[in-house]
Amino acid sequence: MATLTVTPVMAEILLAVGAMALLLVGVYGGKRTLSMVWTGSVALVVLAGAAVLWSSDQAPGVQEAFGGMVLLDGFAVFTKVLIAVGSAGVLVMSRGYLVKRDLDRFEYPVLAVLSTLGMFIMVSATDMLTVYVGLELQSLALYVLAAFARDRARSTEAGLKYFVLGALSSGMLLYGISLVYGFAGSTAFTDIAAIAAGDGAAGNIGLIVGLVFVLTGVAFKISAVPFHMWTPDVYEGAPTSVTAFFSAAPKVAAMALFVRIAMGAFGDMADQWQQVTIFLSVASMVVGTALALVQTNIKRLLAYSSITHVGYVLAALAAGGEAGRAAVIYYMAIYITMTAGAFGVVLCMRQDEKYSEEIADLAGLVKTRPALAVAMGILMISLLGFPPFLGFWAKYTAFLAVVDAGLVWLAVIGMIASVVGGYYYLRVVKLMFFDEPAAGFEPQRDRGVKGVVFATAVANSPLSVVLFGPLNTAAAHASRAFGL
């Protein structure tokens, strides 16, 4: 009689139980109880999940659960820890914003934890059906979060746009899964990989079309061009704390899923998925950079910036192999710190009891809020990838993997996009340090926001040279421990 092994999914069980507990607290505890405990509860639940992952990493080899539909390997552990840290960091700095916007409701942490649970499932999925369950669990929670400020037209519109386009992407993903199942005879990654390794796989048009549709569905989640159309509108319309959440953990989970599908299930069809990945990479780098140049809203600027960075990560993925896989997760680890810190600064842009989102309002910030200006300057230069800031090491590792794979022309396009992108990052720096001051922002009293901004700014500063080696080593180890 087979035994049910739950050790590899203890983190998922912990998050599920935590979400249900928070739901009961919200329903029966009342607003008074909720207002005192929800932030700490959510942060502890997510961080506890990360602790379980660390302990799980001590087990040798690849651990499977639910008949091989879920696995826990070094790649999953590393990625889940990134997701847990990113989710916890954003939730910690959301409290003050939600209170001031009158959005401090118990549904927020419940949805955030459920979304994180979906991300964990995505990262460990080794079956197309598990992929869909994890992806939809994450997405359904995010749809509601996008429209969380339901009394505000922009937030409602953002949620509706995200839902409609998300439903379209889910349909494309399901169609791709059905084609893969029809031509491979299974939804399990191991079975698909065996078919992909066969002699006729390269000429199996049905399997290739299915692969394209599956990758298209995932490309929507990472905001890769031409499936990026939802990103700037949703980033701008959703509450800023929700936008910060969108930009961090879900991107890591979706990118890890992309790697799991491409290098796991279709590892022996690299020539086919590499073409799709290169197209998405070039389009994202070019379009993201071009459209970011004309933005005046800081949230839309960061949205197009995220699209461009997705292009850099996809370039590393296109390189393939262990080095490309390591470069992907290393880049995403650094990207979390950059984007979370930048949105932390946006959460500090409050004047006259209203939150500002215009880039022009950052003018002369060094004279009114010097510490905030320095932090934002560090984060902008790191996003640019200027040495020796942390973002430089991310791009260096990605482009090095691309060059080693013989795709020099792709690395050249990436470097040109980086140089052009310097305009909109340095424009923000110039406004803050050299222009006359605009109306000053209110002092930030939320220790959660200040802590995240300070920590990410220090991590992305030239002091990051001490982080480069250990983090790169951890990413390389996780890449080597990739199970399927």
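For the structure itself, look to the data block above.
Residues numbered from 1 in each chain as written. Predicted model: local features only at pLDDT ≥ 70, side-chain atom pairs only at ≥ 80, totals over all residues. Heavy atoms only, no water.

Caption draft 1: Examining the overall build of the protein more closely. Looking only at helices and strands, one finds 20 helices and four strands in the protein. Considering only intrachain contacts with a sequence separation of at least 6, the fraction spanning at least 24 residues in the protein is 82%. (Helix = DSSP H or I, 4+ residues; strand = E, 2+ residues; numbered from the N terminus. Contact = heavy atoms within 4.5 Å.)

Caption draft 2: Spotlight on the side chain of Lys-251. Positionally, Lys-251 belongs in helix α11 (residues 249-265). Setting aside chain neighbours within four positions, we find Lys-251 in contact with Lys-221, Ile-222, Ser-223, Tyr-235, Phe-246, Ser-306, Met-332 and Tyr-335.

Caption draft 3: Layout of the packing of helix α6 (residues 153-184) against helix α8 (residues 205-221). For the pair α6 and α8, the least separation of the axes is 7 Å and the interaxial angle reads 155°. Judged by the inter-axis angle, α6 sits roughly antiparallel to α8. Of the two elements, α6 crosses α8, and the hand of that crossing is left-handed. Its residues assigned to classes, the contact of α6 with α8 comprises 16 nonpolar, seven polar and one charged. (Axes fitted to C-alpha atoms, helices over the stretch in contact; angles between N-to-C directions. Parallel < 35°, antiparallel > 145°, perpendicular 65-115°, else oblique. Left-handed = near helix turned anticlockwise from the far one by under 90°. Nonpolar A, V, L, I, M, F, W, Y, C, P; charged D, E, K, R; others polar.)

Caption draft 4: Quick look at unusual backbone geometry. Cis rather than trans, the peptide bond between Val-225 and Pro-226 has omega equal to 10°. Mapped onto the fold, Pro-226 is located in the loop between α8 and α9 (231-237). That bond from Pro-387 to Pro-388 is cis: its omega, 5°, falls within 30 degrees of zero. Mapped onto the fold, Pro-388 is located in the loop between α16 (370-384) and α17 (390-404).

Caption draft 5: The arrangement of the environment of Ala-474 in detail. Its location among the elements puts Ala-474 in helix α20 (residues 465-480). Between the alpha carbons of Ala-474 and Ile-329 there is a distance of 9.8 Å; along the sequence they are 145 residues apart.

Caption draft 6: Quick look at the packing of aromatic side chains. Across all of its chains, the model carries 15 aromatic pairs by this definition. Taking 6.3 Å as the distance between ring centres and 20° as the angle between the ring planes, the aromatic pair formed by Tyr-162 and Phe-220 counts as stacked. In this pair, Tyr-162 sits in helix α6 while Phe-220 sits in helix α8, placing the two residues 58 residues apart along the sequence. We classify Phe-220 as buried; its relative accessible area is 4%. (Phe/Tyr/Trp six-rings, centres within 6.5 Å; stacked < 30°, edge-to-face > 60°. Buried < 20%, exposed > 50% of the residue type's maximum accessible area, 1.4 Å probe, protein only.)

Caption draft 7: Just the nonpolar core, in detail. Formed by 167 residues in total, the largest nonpolar core has its most connected members in Tyr-162, Phe-258, Ile-261, Phe-266, Ile-298, Leu-314 and Met-380. Here this core takes 16 residues from helix α14 (residues 321-347), the largest share from any one element. The contact partners of Tyr-162, leaving out residues within four places of it in the chain, are Leu-142, Tyr-143, Ala-146, Phe-220, Trp-230, Val-234 and Phe-246. (Core = buried A, V, L, I, M, F, W, Y, C linked by side-chain atoms within 4.5 Å.)

Caption draft 8: Representation of a positive patch on the surface in the model. On the surface, a cluster of positive charge is made up of Lys-100, Arg-445, Arg-447 and Lys-450. Inspection of the secondary structure puts Arg-447 in helix α19 (residues 447-460). With a relative accessible area of 73%, Arg-447 lands in the exposed category. (Patch = residues over 30% accessible without salt bridge, like charges linked within 9 Å, V, L, I, M, F, W, Y side chains within 5 Å. Areas by Shrake-Rupley, 256 points an atom, 1.4 Å probe, with all protein chains shown as cover. Salt bridge = Lys/Arg side-chain N within 4 Å of Asp/Glu carboxyl O. Lys, Arg positive; Asp, Glu negative; His and termini not counted. Charge placed at Lys NZ, Arg CZ, Asp CG, Glu CD.)

Caption draft 9: Region of interest: helix α13 (residues 298-319). Between the first and last C-alpha of α13 there are 32 Å, a value that for 22 residues agrees with the 32 Å anticipated at 1.5 Å per step. α13 sits mainly inside the fold: 22 of its 22 residues count as buried. For α13, the side-chain oxygen to backbone nitrogen distance between the N-cap and Lys-299 is 2.8 Å, and the N-cap itself is Asn-297. One or two positions beyond α13, positive phi appears at Gly-320, with a value near 70°. (Expected span 1.5 Å × (residues − 1). Polar contact = N/O pair within 3.5 Å; in protein donor to acceptor, adjacent residues only side chain to side chain.)

Caption draft 10: Just the environment of Thr-339, in detail. Position of Thr-339 among the secondary structure elements: in helix α14. Polar contacts involving the side chain of Thr-339 include one to the side chain of Ser-247, which spans 3.2 Å.

Caption draft 11: Structural context of the packing of helix α5 (residues 128-146) against helix α10 (residues 240-247). It is the contact of α5 with α10, at a shortest axis distance of 9 Å, that shows an interaxial angle of 150°. As summarised for this structure, α5 and α10 are arranged roughly antiparallel, according to the angle between their axes. Along this stretch, α5 crosses α10, giving a crossing that reads as left-handed. Of α10, the residues touching α5 (which contributes Leu-142, Leu-145 and Ala-146) are Val-242, Phe-245 and Phe-246.

Caption draft 12: Structural detail: the pattern of salt bridges. Under the criterion given, the structure shown has seven salt bridges. A salt bridge links Lys-161 to Glu-157; its shortest N-O distance comes to 3.1 Å. Of the two residues, Lys-161 and Glu-157 both sit in helix α6, four residues apart, roughly one turn of that helix. Residue Lys-161 is classed as partly exposed on the basis of its relative accessible area of 30%. Residues Glu-236 and Arg-300 are paired through a salt bridge, measuring 2.9 Å at the closest nitrogen-oxygen approach. A residue pair is termed long-range when its members are at least 10 positions apart, and Glu-236 in helix α9 and Arg-300 in helix α13 qualify at 64 residues. The exposure class assigned to Arg-300 is buried, which follows from its relative accessible area of 16%. What you see here is one network of salt bridges that share partners, running through Arg-154, Glu-157, Lys-161, Asp-233, Glu-236 and Arg-300.

Caption draft 13: Expanded view of the side chain of Ser-305. Tracing the chain through its elements places Ser-305 in helix α13. Note on Ser-305: relative accessible area 2%, which makes it buried. Setting aside its immediate chain neighbours within four residues, Ser-305 contacts Leu-383 and Tyr-425.

Caption draft 14: Representation of a nonpolar patch on the surface within the structure. Taken together, the side chains of Val-403, Val-408, Val-412, Met-415, Ile-416 and Val-420 present a nonpolar region at the surface, about 460 Å² in accessible area. Ranked by residue count, the leading element in the nonpolar patch is helix α18 (residues 408-434), at five residues. Residue placement: Ile-416 occurs in helix α18.

Caption draft 15: Layout of α18. Between its first and last C-alpha, α18 extends 38 Å over 27 residues, near the 39 Å set by a 1.5 Å rise per residue. Maximum bend of α18: about 30°, positioned at Gly-421. (Bend = angle between axes of the 7 residues up to and from the residue.)

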